[in-house]
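Structural overview for review
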Amino acid sequence: MKLNRRLMISAFGLSLAIAMPGFASAEGLIAIITPSHDNPFFKAEAVGAEARAKELGYETVVMVHDDDPNKQSELFGTAIARGAAAIILDNAGADATVAAVQRAKDAGIPSFLIDREIKESGIAVSQIVSNNYQGAQLGAEEFVKLMGEEGQYAELLGREADTNAGIRSSGYHDIIDQYPDMEMVAQQTANWSQTEAYTVMETMLQAHPDIKGVISGNDTMAMGAWAALEAAGRTDVMVVGFDGSNDVRDSIKAGGIKATVLQPAYRQAQLAVEQADQYLKTGSTGVEEKQLMDCVLINGDNAEQLETFALSE
Amino acid sequence: MTPARTALVAGALACALLPGCKIVPNPDPESDAAAAPMDDDQRMALQAAQIFDERLPAYVQDHVVDAATLRAALADGLDTAGTAHGIRPGSEGSPWNFVLRAEGQVVEADRESRAASMVLDSNGDGQGDLTVQLGPVIRGTALRDALDFLIFTDFRDQIEFAKLARALNDQAHQRLALPEGNLVGRSFTVEGAMTLPSVDEPWVVVPIALSEVAP
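Residues numbered from 1 in each chain as written. Chains lettered and ligands numbered in written order. Predicted model: local features only at pLDDT ≥ 70, side-chain atom pairs only at ≥ 80, totals over all residues. Heavy atoms only, no water.

In this section: the sheet that holds strand β3 (residues 86-89) of chain A. Two pairing modes exist for strands in a sheet, parallel and antiparallel, and in both the strands are linked by backbone hydrogen bonds. All names here are of chain A. The six strands lie next to each other as β2-β1-β3-β4-β5-β11, forming an open sheet whose pairing is parallel. Each end of this open sheet is capped by a strand with a single partner; those strands are β2 (59-64) and β11 (290-293). Going from strand to strand, the sheet's axes swing by 15° on average, the running direction of each strand aside. Relative to β3, strand β1 (residues 29-34) runs parallel, the two sharing four bridges. (Pairing = 2+ DSSP bridges. Helix = DSSP H or I, 4+ residues; strand = E, 2+ residues; numbered from the N terminus. Axes fitted to C-alpha atoms, helices over the stretch in contact; angles between N-to-C directions.)

Right, dumping it as structure tokens:
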């Protein structure tokens, strides 16, 4: 079944590869692979990368791996079969992705990673990630301020296989744990998922009705938690997210969620394409492989300026 | 060939035929290797201590900028000052970092907080203009980011790189020798690292060296 599907995809890829030259653009094909666009963050990445690639004269193919390393591997197969010039990737796991990126490299296709790192350097050409530690500290400082430096709170963690879940949590705690009157009563993963966060939040509320704040590893989980809190009539609870999505921006403006941390996702994706273009033309990006991009705190003061993971001046 | 060596060779041969078999010398119980393998925190703490011992003195000498010089340069804009005196990682949007030397009188001090600090007047106008983080809790990654030999690519991931920043801050705190009692009114010379995201951002340094100036 699986083999069949893979063969079909490869066959499809091959026929496309043969058919392509007819309408291929001068610069070649860029494959853009991200997690599911259900999360607007990943959609913004794909849109940003695609727009920049087209501006630079590339053909694009946009694919999603749904955080499944096996599916990601199939998509790499497709990209290789189609003779992509470069791959822009937000990956499906720091460990599991190493082999896929290596396979592309062996086939002569350079990969440019955004948002999430892999646990090896020297395989991808670029790994451009948000400065999650810096961003998490910004979010945590705002959270502590909102909480008046005291009270019970819960933390929603992201997917464990994703380095970003761990780094944000340690950034949060490097700040929050300095305040002895801040008491974490629950800490649980909701795997970046809005629906899962809703359920987790319901359970947490039952076990800890005195909860005063929730700090979340991303915005979709913050949205899920906020929906559960609203349903339970607990709109007094302070929620802080991470990403800078339009959904959370609107919630902040409506007096719901209190703050989030903007990752420059749109620019990050564009930058990855620019580095791919430079690498393809000159053999070098001119910068270090691993790059950190600073994050910005978003609250009631600047939420107005936020649009699709970018802050207007 | 001595019998011992023969045994060793035979053993090695046997091992070669047995996948997964490896000769591991018994660790010397006196050496560090005898200790349990170090975790991330321990490795980064060791690396931070080595940086302070072996690299920082020369690095500070090469990169330090006097507060008055920096203030004058900043009048021409952050990028001008940064290009002349600062350190910045290659990634887009990274802020400038500086290794600063300043002298001033303490106008404000908080030794009670876990994030203790003191504020110096470094330009003699009677106003505090430079916050020195005293710890034990020291915020930010200024010290790590001001050291241009620390490259993110050389680290396993953001978690390890963050732990190094934290360990450097811990070293900065541990190596401070502060006089007892009220700090306000006393004068200090400080060398430290700061990140400056914009020209009008307050100056907050992580101290690398701090000494009292005799009254």
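So, about the interface of chain B and chain A. Taken together, the contacts link 24 residues of chain B with 29 residues of chain A. Buried surface at the junction of chain B and chain A, both sides included, amounts to about 2100 Å², of which 53% is carbon and sulfur. Considering only the surface of chain B that becomes buried against chain A, B:Glu92, B:Thr153 and B:Gln158 emerge as the three largest contributors, covering 31% of it. Counting across the interface, chain B meets chain A through three salt bridges. Residues A:Asp174 and B:Arg166 are paired through a salt bridge, measuring 2.3 Å at the closest nitrogen-oxygen approach. Scanning the region where chain B abuts chain A turns up 13 residue pairs in polar contact (both at pLDDT 80 or more). It is helix α6 (residues 158-174) of chain B that provides the largest number of residues to the side of chain B that touches chain A, a total of five residues. (Contact = heavy atoms within 4.5 Å. Buried area = accessible area lost by both parts, 1.4 Å probe. Salt bridge = Lys/Arg side-chain N within 4 Å of Asp/Glu carboxyl O. Polar contact = N/O pair within 3.5 Å; in protein donor to acceptor, adjacent residues only side chain to side chain.)

Okay, the packing of helix α2 (residues 40-63) of chain B against α6(B) next. Residue and element names in this part refer to chain B. Taken N-terminus to C-terminus, the directions of α2 and α6 make an angle of 50°; their axes are 8 Å apart at the nearest point. Of the possible angle classes, the one that applies to α2 and α6 is oblique. As for how α2 packs across α6, the hand of that crossing is right-handed. The segment α2 lies against α6, with Asp40, Asp41, Arg43, Met44, Ala45, Gln47, Ala48, Ala49, Ile51 and Phe52 engaging Ile159, Glu160, Lys163, Leu164, Ala167, Leu168, Gln171 and Ala172. A class-by-class count of the residues in the contact of α2 with α6 yields eleven nonpolar, two polar and five charged. (Parallel < 35°, antiparallel > 145°, perpendicular 65-115°, else oblique. Left-handed = near helix turned anticlockwise from the far one by under 90°. Nonpolar A, V, L, I, M, F, W, Y, C, P; charged D, E, K, R; others polar.)

A word on the domain arrangement of chain A. Residues and elements named next belong to chain A. Partitioning chain A into structural domains gives domain 1 (6-130 + 265-288) and domain 2 (132-262). The distance between the C-alpha centroids of domain 1 and domain 2 comes to 31 Å. Contact residues are listed per partner, giving eleven residues for domain 1 and 13 residues for domain 2. Summed over both sides, the interface of domain 1 with domain 2 buries roughly 910 Å², with 41% coming from carbon and sulfur. Viewed at the interface, domain 2 and domain 1 are joined by two salt bridges. A salt bridge links Asp67 to Arg159; the shortest N-O distance between them is 3.3 Å. For the pair domain 1 and domain 2, the interface holds four residue pairs in polar contact (both at pLDDT 80 or more). Looking at the side of domain 1 that touches domain 2 residue by residue, the classes come out as four nonpolar, three polar and four charged. (Domains from an automatic or database assignment.)

Residue and element names in this part refer to chain B. Of the residues in chain B, 84% have a pLDDT of 70 or more, and the chain-wide mean is 87. Summarising per-element confidence for chain B, the mean pLDDT is lowest in helix α1 (residues 3-17) (47) and highest in strand β1 (residues 64-66) (98). Per-residue pLDDT stays below 50 along residues 8-22; that stretch engages in four contacts with residues further than four places along the chain or on separate chains. Overall fold confidence (pTM) sits at 0.84, and the ipTM for the predicted complex is 0.85. (pLDDT = per-residue confidence, 0-100.)

What follows covers the packing of aromatic side chains. Across all of its chains, the model carries seven aromatic pairs over all chains by this definition. Their ring planes at 85° and their centres at 5.2 Å tell us that A:Phe41 and A:Phe309 sit as a pair that is edge-to-face. Taken together, the residues span a long stretch of sequence, with A:Phe41 in helix α2 (residues 40-55) and A:Phe309 in the loop between β13 (306-307) and β14 (310-311) at a distance of 268 residues. Across the pair, A:Phe309 and A:Phe41 agree in class, each one buried. In this structure an aromatic cluster arises from ring pairing among A:Phe41, A:Phe42 and A:Phe309. We note A:Lys290 situated over the ring of B:Phe152; from NZ or CZ to the ring centre the distance is 4.7 Å. Above the ring of B:Phe149, the side-chain terminus of B:Arg55 is found at 3.9 Å from the ring centroid. (Phe/Tyr/Trp six-rings, centres within 6.5 Å; stacked < 30°, edge-to-face > 60°. Buried < 20%, exposed > 50% of the residue type's maximum accessible area, 1.4 Å probe, protein only. Lys NZ or Arg CZ within 6 Å of the ring centre and 35° of its normal.)

Turning to α2(B), a few remarks are in order. Residue and element names in this part refer to chain B. Here α2 contains 24 residues, and its C-alpha end-to-end distance of 29 Å is more than 12% below the 34 Å for a straight helix at 1.5 Å per residue. At Arg55, α2 shows its maximal bend, which comes to roughly 60°, and the proline Pro57 appears one to four places after that position. Residues Asp40, Met44, Ala48, Ala49, Ile51, Phe52, Leu56, Tyr59 and Val60 constitute the buried set of α2. For α2, the secondary structure elements touched by its buried residues are β1, β2 (96-110), α5 (142-145), α6, β5 (187-196) and β6 (203-213). Between the side-chain oxygen at the start of α2 and the backbone nitrogen of Asp41 there is a gap of 3.1 Å, and the oxygen is on Asp39. (Expected span 1.5 Å × (residues − 1). Bend = angle between axes of the 7 residues up to and from the residue.)

Quick look at the sheet that holds strand β7 (residues 182-189) of chain A now. Residue and element names in this part refer to chain A. Taken in spatial order, the four strands line up as β7-β6-β8-β9 in an open sheet, and their pairing is parallel. Looking at the sheet topology across the chains shown, the edges are occupied by β7 and β9 (238-240). Direction aside, neighbouring strands of the sheet carry axes that sit 20° apart on average. Pairing geometry for strand β6 (residues 151-157) and β7, over seven bridges, is parallel. Bridging across to β7, Glu155 finds its partner in Gln187.

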